[in-house]
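Examining the three-dimensional arrangement
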Amino acid sequence: MLSAGHQDAADAVVVGGGTVGAWCAYFLRRSGLDRVILLEKRTLGQGASSRAAGIVRTQGGTRWAVQLGDWSRKFYLGQRDELGIDSGFTPQGYVLPCFTAADVAAARDRMAMQNAEGLSVRWLEPAELDAVNPTLAPGLTLGGTFCAEDGYLTPPRNVTAYAVALAISGVQVREHVTFTGLAVAGDRVTGVQTSAGPIAAPIVVLTGGPELAEVGKLAGVRVTAGGVRHQVAVTQPHPDLAPGRLPMVFDLSAGLYWRPEEGGLLFGMSNPAEPPGEATCIDEPYLALMRERLAELVPVTAGLGLRRIWAATIDYTPDHLPIIGPASGTDQIFNGAVVASAGGAGMMWGPAVARAAADVALTGRSDVVDTTQLGLDRFDADGRSRLATDPIALPFPEHAPQARQEPQARGN
């Protein structure tokens, strides 16, 4: 391993100080690397990590999603014992209601897969669902699936937790330092170029959330991921919205979810018709449309004002699945470099994606999830994935914009 006293060298460099990058740097350090450097061009958690809704759902639509969600949930539950601090995970229970016969058939198939993966997911008949969720307008659903172990965390507290983890583990955090490219010798990564000078390192992990495609572009790697606006709002408090009456709910038909927050209801949404791109302002017409749908399902919200509203650019992949695998250019793989994206599920999958990316960087494989099919090579030249789309996700765009690939990374 490289000497910890060498100012411009590391055993590993992680690009990006969001949920995936920060936890990945922590896991690399905990795996035994002496010197791990984390680069963040702004400050830790300043991007989507601090603006998330904090949902941690194990009821994924694929085995990958189930395994990533369950690993992350267990990690959040064990944080206080490991770190002395936690991300505020609260088991709340999560309902996915069905409104059509097709919804019911798909949900029952998913439930069988989820239970086979070890989850405690059960079917609720319509009357049972109404009883579990008394805030929901009665008689609207054909039933749904429920997992009592699903929950949510507090996003700013998650940022605090990974900042503490980085500090106590000895990761060197370099804020306000921009990644500008990979250094390579032949097909082997030898380090990174940054705005503060080069750093020699045999392992590099590229993250960046909604900016990952641009990070990849700087590295000479085409990353099929994009960014899109996501809006979140919190209503005024109301006695009917007490946490004991309000499991989390995901209305897949509308791409609308909600959970308890400060005595009110937090709800989030993404517009499937909106083209990808950076956007942090409020889309008031779409917010009004989603408020109408919410009032139809949760009538008490119709008369409530909003306490807070915000928008963030979040990442997505066209198949709604994470990216965990080697960094590959137009005609080669950059050995030693790994790309990691949670595909819009940073709170939900972030720690598991981070752990898997650290494992792949160190050994080429991971026990968290089988990453064999989750690399960049699943996308064709037009950004289409050979994998089926995970059906339990926000309505992200079907394609990611392709950033023009830079020339091959420079040698030392």
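Heads up: the structure comes first, above all this text.
Let me sum up the structure you'll find in this document.

Parameters at a glance
Residues numbered from 1 in each chain as written. Predicted model: local features only at pLDDT ≥ 70, side-chain atom pairs only at ≥ 80, totals over all residues. Heavy atoms only, no water. Buried < 20%, exposed > 50% of the residue type's maximum accessible area, 1.4 Å probe, protein only. Helix = DSSP H or I, 4+ residues; strand = E, 2+ residues; numbered from the N terminus. Pairing = 2+ DSSP bridges. Right-handed = clockwise from strand over helix to strand, strands pointing away. Axes fitted to C-alpha atoms, helices over the stretch in contact; angles between N-to-C directions. Parallel < 35°, antiparallel > 145°, perpendicular 65-115°, else oblique. Left-handed = near helix turned anticlockwise from the far one by under 90°. Contact = heavy atoms within 4.5 Å. Nonpolar A, V, L, I, M, F, W, Y, C, P; charged D, E, K, R; others polar. Expected span 1.5 Å × (residues − 1). Bend = angle between axes of the 7 residues up to and from the residue. Phe/Tyr/Trp six-rings, centres within 6.5 Å; stacked < 30°, edge-to-face > 60°. Lys NZ or Arg CZ within 6 Å of the ring centre and 35° of its normal.

**Focus on the pairing of strand β1 (residues 12-15)**
- The side-chain alternation of β1 yields two buried faces, one formed by A12 and V14 and the other by V13 and V15.
- Where β1 lies against strand β2 (residues 36-40), four bridges are found, and the strand directions are parallel. If you follow A12 over to β2, its bridge partner there is V36.
- Taken together, β1, helix α1 (residues 19-30) and β2 form a β-α-β motif whose crossover is right-handed.
- Where β1 meets strand β13 (residues 204-206), three bridges bridge the pair, whose relative direction is parallel.

**Observations concerning the packing of α1 against helix α5 (residues 155-169)**
- Two numbers describe how α1 lies on α5: the axes approach to 9 Å, and their chain directions differ by 25 degrees. If you check the angle between α1 and α5, you find them roughly parallel. You can see that α1 and α5 cross each other, and the crossing is left-handed. Here α1 contributes T19, A22, W23, A25, Y26 and R29 to the contact with α5, which in turn contributes N158, A161, Y162, A165, L166 and S169.
- When grouped by side-chain class, the residues that make up the contact of α1 with α5 number eight nonpolar, three polar and one charged.

**Considerations on helix α2 (residues 63-83)**
- The end-to-end C-alpha distance of α2 is 29 Å, a good match for the 30 Å that 21 residues give at a rise of 1.5 Å each.
- Most pronounced at L77, the bend in α2 amounts to some 45 degrees.
- All buried positions along α2 are accounted for by W64, A65, V66, L68, G69, D70, S72, R73, F75, Y76, Q79 and L83.
- Those residues of α2 that are buried are in contact with α1, β3 (55-56), α3 (101-116), α5 and α8 (346-363).
- Where α2 terminates, the next one or two residues include G84, which has phi positive at roughly 80 degrees.

**Side note on the sheet that holds strand β4 (residues 90-91)**
- In spatial order, the strands read β3-β8-β4; together these three strands make up an open sheet with antiparallel pairing. This sheet does not close on itself; its edge strands, each paired only once, are β3 and β4.
- Summarising the sheet, β4 and strand β8 (residues 151-152) pair through two bridges and their orientation is antiparallel. Bridging across to β8, T90 finds its partner in Y152.

**Remarks on the packing of aromatic side chains**
- Counting across every chain of the model gives twelve aromatic pairs.
- Judged by centre distance (5.7 Å) and plane angle (75 degrees), the rings of W23 and Y26 are edge-to-face. With W23 and Y26 both in helix α1 and three residues apart, the pair spans about one turn of that helix. Each member of the pair, W23 as well as Y26, carries the same accessibility label: buried.
- Looking at R108, its charged tip hangs above the ring of W123, at a distance of 4.3 Å from the centre.
- Between the NZ or CZ atom of R293 and the centre of the ring of F99, over which it lies, the distance is 5.1 Å.

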